[in-house]
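Breakdown of the fold
Each chain, written out:
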Amino acid sequence: MLLRSIRAEGFLSFGELMEFEIGPGLTVVTGPNGVGKSNLGRCLDLGRAVIGRAAGDPSADRLDLYRDAGYQGSGSFEVRLGLDLDQQWERDL
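Please read these numbers as outputs of a predicted model, since none were measured by experiment.

Among the nonpolar cores identified, the biggest contains 13 residues, and Ile6, Ala8, Phe11, Phe14, Met18 and Cys43 are the most heavily contacted of them. Of all the elements in the fold, those that place two or more residues in this core are strand 1 (2-9) and helix 1 (37-54). Here the element with the most residues in this core is helix 1; it accounts for four residues.

What follows is the structure, encoded as structure tokens:
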């Protein structure tokens, strides 16, 4: 599985639309405290939990951690991951 992009809106610190394109090779995210680096990782964790639930992984129960992840208490948010599924088992999910 190759990550191509992350898009989030209304999720944790991303109140407005945040789009992050990922090119080939190594990607390093740096910046000062409080700009959303950890929340980029949380976008990935949320996607992993959703995929895990579809695959029957019991550790996917951590989706409950994101129940209240809306920006400033919002009841909804959107997270999209652009993925290339390069393994057959991934496509079979």
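Further remarks concern the packing of aromatic side chains. Here the structure, examined in full by the defined rule, presents two aromatic pairs. Summarising the aromatic geometry, the rings of Phe11 and Tyr66 are spaced 6.0 Å apart at their centres and angled 35° between planes, so their arrangement reads as tilted. Pair noted here: Phe11 is in the loop between strand 1 and strand 2 (18-21) and Tyr66 is in the loop between helix 1 and strand 3 (78-84), with a separation of 55 residues, a long-range link. Tyr66 carries the same exposure label as Phe11, and that label is buried. Centroid distance Phe11 to Phe77: 4.9 Å. Interplanar angle 50°. Geometry classified as tilted. You can see Phe11 sitting in the loop between strand 1 and strand 2 and its partner Phe77 sitting in the loop between helix 1 and strand 3, a full 66 residues away along the chain. Since its relative accessible area comes to 0%, Phe11 is described here as buried. Feature note: the residues Phe11, Tyr66 and Phe77 constitute an aromatic cluster, connected by ring pairs.

Analysis parameters
- Residues numbered from 1 in each chain as written.
- Predicted model: local features only at pLDDT ≥ 70, side-chain atom pairs only at ≥ 80, totals over all residues.
- Heavy atoms only, no water.
- Core = buried A, V, L, I, M, F, W, Y, C linked by side-chain atoms within 4.5 Å.
- Buried < 20%, exposed > 50% of the residue type's maximum accessible area, 1.4 Å probe, protein only.
- Helix = DSSP H or I, 4+ residues; strand = E, 2+ residues; numbered from the N terminus.
- Phe/Tyr/Trp six-rings, centres within 6.5 Å; stacked < 30°, edge-to-face > 60°.

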